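Survey of secondary and tertiary structure
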Amino acid sequence: GSIVLTSSVAGLVGIGAPVAGSLGYTVAKHGVVGLMRAYANFLAAFNIRVNSIHPAAVNTPMIDNEATRAWLDGLAQQNLGGPDMSNALPVQALEPEDIAIAAFYFVSDAGRYVTVVTLPVDAGYVNKR
């Protein structure tokens, strides 16, 4: 079997801003990595693989909404040292299908011996950090 947890690039790098919720988000996403590793060790005896996917911004309502745009604009205008949300590749946001393809790899026969992997699907975001 296979379990795929979805975290964020925030689960691999120390991003955040000095505003409510930002640092907590990063802490929570790092926690997903710890959970993945613990479950992978426990479930290996049952032939269950556990991996995590770490997307950069994905073109979903979580990212593409007025509140998020206002938050990012506010950080820039106030010079609060907010996170650089740009990717290395020239793409602003990934599509949900890009994340689904990565998940499919983990659960397919192609990934039958892949476990305890933190896979960034991030257009190079993590590498810039």
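So, a few notes on the structure that sits alongside this text.

1. Concerning the environment of V33
The topology assignment puts V33 in helix 1 (residues 22–43). We classify V33 as buried; its relative accessible area is 7%. Separated by 27 residues in sequence, V33 and T6 place their C-alpha atoms 9.3 Å apart. The contact partners of V33, leaving out residues within four places of it in the chain, are G11, H54 and T118.

2. So, the sheet that holds strand 2 (residues 49–55)
Taking strand neighbours across the sheet as the criterion, the 3 strands line up as 1-2-3 in an open arrangement whose pairing is parallel. Either end of the sheet is taken by a strand with one partner, and the two such strands are strand 1 (2–6) and strand 3 (118–121). Mean inter-strand twist for the sheet, computed between neighbouring axes without regard to direction, equals 25°. Against the sheet, helix 3 (residues 96–107) contacts strand 1, strand 2 and strand 3, and its axis sits at roughly 165° relative to strand 2.

3. Some words on the layout of surface pockets
Of the volumes computed, that of the largest pocket is approximately 880 Å³. For the largest pocket, the lining is made up of 33 residues, of which A57, I63, T68, L72 and M85 are closest to its centre. Elements with a minimum of two residues in the lining of the largest pocket: helix 1 and helix 2 (66–78). The element contributing the most residues to the lining of the largest pocket is helix 2, with 5 residues. Residues of the lining of the largest pocket, tallied by class, amount to 18 nonpolar, 12 polar and 3 charged.

4. Quick word on empty space enclosed by the protein
Across all of its chains, the model carries 1 cavity of 30 Å³ or more by this definition. Quantified by volume, the largest cavity comes out at close to 30 Å³. Forming the boundary of the largest cavity are V9, A56, A57, M85, N87, Q92 and Y125. Its residues assigned to classes, the lining of the largest cavity shows 5 nonpolar, 2 polar and no charged.

5. Thoughts on the environment of D122
With respect to the element layout, D122 can be found in the loop between strand 3 and helix 4 (125–128). A C-alpha to C-alpha distance of 7.6 Å links D122 and L94, two positions 28 residues apart in sequence. When sequence neighbours within four positions are dropped, the list of residues in contact with D122 reads V9, H54, A56, N87 and L94.

6. Examining helix 3
Compared with an ideal rise of 1.5 Å per residue, which puts 12 residues at 16 Å, helix 3 spans 17 Å between its outermost C-alpha atoms and is within 8% of the ideal. When we look at burial in helix 3, the residues that qualify are I99, A102 and F106. Considered in projection along helix 3, the buried side chains sweep an arc of 60° and stay on one side of the axis. Turned more than 90 degrees away from the buried face of helix 3 sit E97, I101 and F104, all of them exposed.

Cut-offs and rules
- Residues numbered from 1 in each chain as written.
- Predicted model: local features only at pLDDT ≥ 70, side-chain atom pairs only at ≥ 80, totals over all residues.
- Heavy atoms only, no water.
- Helix = DSSP H or I, 4+ residues; strand = E, 2+ residues; numbered from the N terminus.
- Buried < 20%, exposed > 50% of the residue type's maximum accessible area, 1.4 Å probe, protein only.
- Contact = heavy atoms within 4.5 Å.
- Pairing = 2+ DSSP bridges.
- Axes fitted to C-alpha atoms, helices over the stretch in contact; angles between N-to-C directions.
- 1 Å grid on protein atoms, 1.4 Å probe; cavity = no way out; pocket = protein on both sides within 12 Å on 5 of 7 lines; lining within 4 Å.
- Points joined across faces, edges and corners; volume = space filled by probe spheres on them.
- Nonpolar A, V, L, I, M, F, W, Y, C, P; charged D, E, K, R; others polar.
- Expected span 1.5 Å × (residues − 1).
- Arc of directions from axis to C-beta.

Read these as spatial facts, not as claims about activity.
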